[in-house]
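Results of the structural survey
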Amino acid sequence: MTNLKTIDAETLLSQPMRQPPFLVDGLLAPGLYILAGAPKVGKSWLALWLCTRIASGKPVWKFAVRSSTVLYLCLEDNRQRIQNRLSEMVGGEPDDFSSLHFSTEAQMLTGPDRGGDTGLLRQLFEFTERHPDTRLIIIDTLQKVRTAADVSYGCDYNDLSLLKSFADQHHLTVLVIHHLRKMKDDDPLNRISGTTGIAGAADGTLVLIRSKRSESGAVLHCTGRDTQTRELALEFNQDGRVWELRSDSAVDDPVPSEEVLEHLLVWLREAGSFSGTAEELSATLRQRCGVLYPGNVLTRKMRSCAEELERYGFVCRFRRTHDRRLIELECVGRVGDDGIFAGGENIDATVAERNFKAASA
């Protein structure tokens, strides 16, 4: 019998978090996502636009993207319809869309209990083998790749778990397009067709709802394990066939990780290293840079940007002694007068540096 693999909380807390890079900042992380909406509400137009933006490396509204190869399984369309839609959307744009791939047919989703991995998962694996920089796969629609006739929580959860496992193993995003039930509900997740097993298995959901079909506006309800819950007010532009952003309900993080990183780097150019508690580091930053971060907030932000710190020449460690938890910052490269670390990246003169100089005067 294989022993259960565990990790104690103390060890877990001492390990810097290395978050996988978002595909679309704040909206899509690696994992399984559901894009749900009523029939003919504009889900496929939104999905196609996402494909073109990510394949060309252009922002999705105000959110930065990670440019990559994209596979779009248009299982309810034919090539002529795809060509027409793509032409209407991109027009005469000079972008290179050679990294955007389409398919109008695919095998069914199978697992170990239903014939092994000879179906859709095998096809997706072979595609990623040929295109290792693939970061987004869209399946339009879920029902086109399902074999089960019964509708149950277990069946929904198992089918979606197969796609989630594939996304997790290959560190990419699988976006599955699905429908809404006719019955209305105040909770957008409860409107997704099928059982709660569909939303439960997914890492995030995007639910597109129009109050009236005749209206051009809609709300995209976004929830996820790795993303902030937000509602994006959209309006469909009939000329370009794209959904345009009108407003975002999300409140910005009062302490962005980028801001914490910026102040740390400016101070570390002078200090070189640090060893102490989060409260001691907080007091130092307040004295030297004129900013105040609570110790617990500072610790959380540093764990999330530990990998970024390494890019600039610093290693961040978390260590426990008999009476306190320490944060250790060590310079692994030489700091030059120009702010360039050996093996690291350049630090630009920013608002944080001006604050630092003012506080030091």
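It should be noted that the structure appears before, not after, this text.
Residues numbered from 1 in each chain as written. Predicted model: local features only at pLDDT ≥ 70, side-chain atom pairs only at ≥ 80, totals over all residues. Heavy atoms only, no water.

Some points on the overall build of the protein chain
Regarding its fold elements, the protein chain presents eleven helices and twelve strands. The buried share of the protein chain, taken over its 361 residues, is 45%. For the protein chain, the share of sequence-separated contacts (at least 6 apart) that also reach a separation of at least 24 residues comes to 63%. Per element, the accessible surface of the protein chain, about 18,700 Å² overall, is 48% carbon and sulfur. (Helix = DSSP H or I, 4+ residues; strand = E, 2+ residues; numbered from the N terminus. Buried < 20%, exposed > 50% of the residue type's maximum accessible area, 1.4 Å probe, protein only. Contact = heavy atoms within 4.5 Å. Areas by Shrake-Rupley, 256 points an atom, 1.4 Å probe, with all protein chains shown as cover.)

Overview of the packing of aromatic side chains
Going through the model one piece at a time under the given rule, you end up with six aromatic pairs. Each residue in the set Trp-45, Phe-236 and Trp-243 is aromatic and connected to the rest through ring pairs, giving one cluster. Here Arg-303 stacks its cationic end above the ring of Phe-318, 4.6 Å away from the centre of that ring. (Phe/Tyr/Trp six-rings, centres within 6.5 Å; stacked < 30°, edge-to-face > 60°. Lys NZ or Arg CZ within 6 Å of the ring centre and 35° of its normal.)

Remarks on the sheet that holds strand S2 (residues 69-74)
Think of a sheet as strands paired side by side through backbone hydrogen bonds, with each pair either parallel or antiparallel. Strand order in the open sheet formed by nine strands is S3-S2-S4-S5-S1-S6-S7-S8-S9, with mixed pairing between adjacent strands. In this open sheet, the two strands that pair with only one neighbour each are strand S3 (100-103) and strand S9 (242-248). Strand-to-strand, the axes of this sheet are offset by a mean angle of 20°, without reference to chain direction. Relative to strand S4 (residues 134-140), S2 is paired through six bridges, and the arrangement is parallel. Paired with Val-70 across the two strands is Leu-136, which belongs to S4. Against the sheet, helix H5 (residues 153-170) touches strand S1 (31-37), S4 and strand S5 (173-179), its axis set at about 130° to S1. (Pairing = 2+ DSSP bridges. Axes fitted to C-alpha atoms, helices over the stretch in contact; angles between N-to-C directions.)

Notes on the sheet that holds strand S11 (residues 314-320)
Spatially, three strands are ordered S10-S12-S11 in an open sheet, and the strand pairing comes out antiparallel. On the outer flanks of this sheet lie strand S10 (273-276) and S11, each paired with one strand and no other. Strand after strand, the sheet turns through a mean of 15° between neighbouring axes, direction not considered. Here S10 runs beside strand S12 (residues 325-331); their pairing, made up of four bridges, is antiparallel. The residue of S12 that forms the bridge with Ser-275 is Glu-328. Lying on the sheet, helix H7 (residues 257-271) is in contact with S10, S11 and S12; it crosses S10 at an angle near 105°. Lying on the sheet, helix H9 (residues 295-304) is in contact with S11 and S12; it crosses S11 at an angle near 130°.

Observations concerning H9
For H9, a buried count of seven out of ten residues is recorded, marking the element as mostly surrounded by other parts of the structure. Gly-295, Val-297, Leu-298, Thr-299, Lys-301, Met-302 and Arg-303 are the residues of H9 that are buried. Taken together, the buried residues of H9 touch helix H1 (9-14), H7, helix H8 (278-289), helix H10 (306-311), S11 and S12.

Observations concerning the packing of H7 against H9
Orientation of H7 relative to H9, taken along the N-to-C sense of each, is 90°, at an axis distance of 9 Å. Between H7 and H9, the angle falls in the class roughly perpendicular. Residues Ser-257, Val-260 and Leu-264 of H7 lie in contact with H9, whose contacting residues are Leu-298, Lys-301, Met-302 and Ser-304. Looking at the contact of H7 with H9 residue by residue, the class counts come to four nonpolar, two polar and one charged. (Parallel < 35°, antiparallel > 145°, perpendicular 65-115°, else oblique. Nonpolar A, V, L, I, M, F, W, Y, C, P; charged D, E, K, R; others polar.)

Details of helix H3 (residues 79-90)
Given 3.6 residues to a turn, an α-helix orients residues that are three or four positions apart in the same direction. The end-to-end C-alpha distance of H3, which contains twelve residues, comes to 16 Å, matching closely the 16 Å that a straight helix rising 1.5 Å per residue would cover. Those residues of H3 lying buried are Ile-82, Leu-86, Met-89 and Val-90. An end-on view of H3 places all buried positions within 75° of arc, on one side of the element. Tucked inside the fold, the buried residues of H3 contact helix H2 (43-56), S2, S3 and S9. Among the residues of H3, the N-terminal cap falls to Asn-78, whose side-chain oxygen and the backbone nitrogen of Gln-80 are separated by 3.2 Å. (Expected span 1.5 Å × (residues − 1). Arc of directions from axis to C-beta. Polar contact = N/O pair within 3.5 Å; in protein donor to acceptor, adjacent residues only side chain to side chain.)

Concerning the pairing of S9
When strand S8 (residues 230-237) meets S9, the two strands line up antiparallel, connected through six bridges. Note that in S9 the partner of Phe-236 across the bridge is Trp-243. The hairpin turn running from S8 into S9, its antiparallel successor, is four residues long, and Arg-241 in that turn takes a positive phi close to 60°.

Quick word on the side chain of Asp-203
Among the structural elements, Asp-203 can be located in the loop between helix H6 (197-201) and strand S6 (204-209). Taking relative accessible area as the criterion, Asp-203 reaches 7% and is therefore assigned buried. Once residues within four sequence positions are removed from consideration, Asp-203 is found in contact with Gly-31, Leu-32, Tyr-33, Lys-164, Asp-168, Gly-224 and Arg-225.

Focus: the pairing of S6
For a regular strand, the rule is simple: side chains alternate between the two faces of the sheet. Among the six residues that make up S6, six are buried, leaving the element largely enclosed by the rest of the structure. Note: S1 against S6, five bridges, orientation parallel. Opposite Leu-35, over in S6, you have Leu-206 as the bridge partner. Bridge analysis of S6 against strand S7 (residues 217-224) gives six bridges, and the strand direction is antiparallel. When the sheet's bridge partners are listed, Ile-209 is paired in S7 with Val-219.

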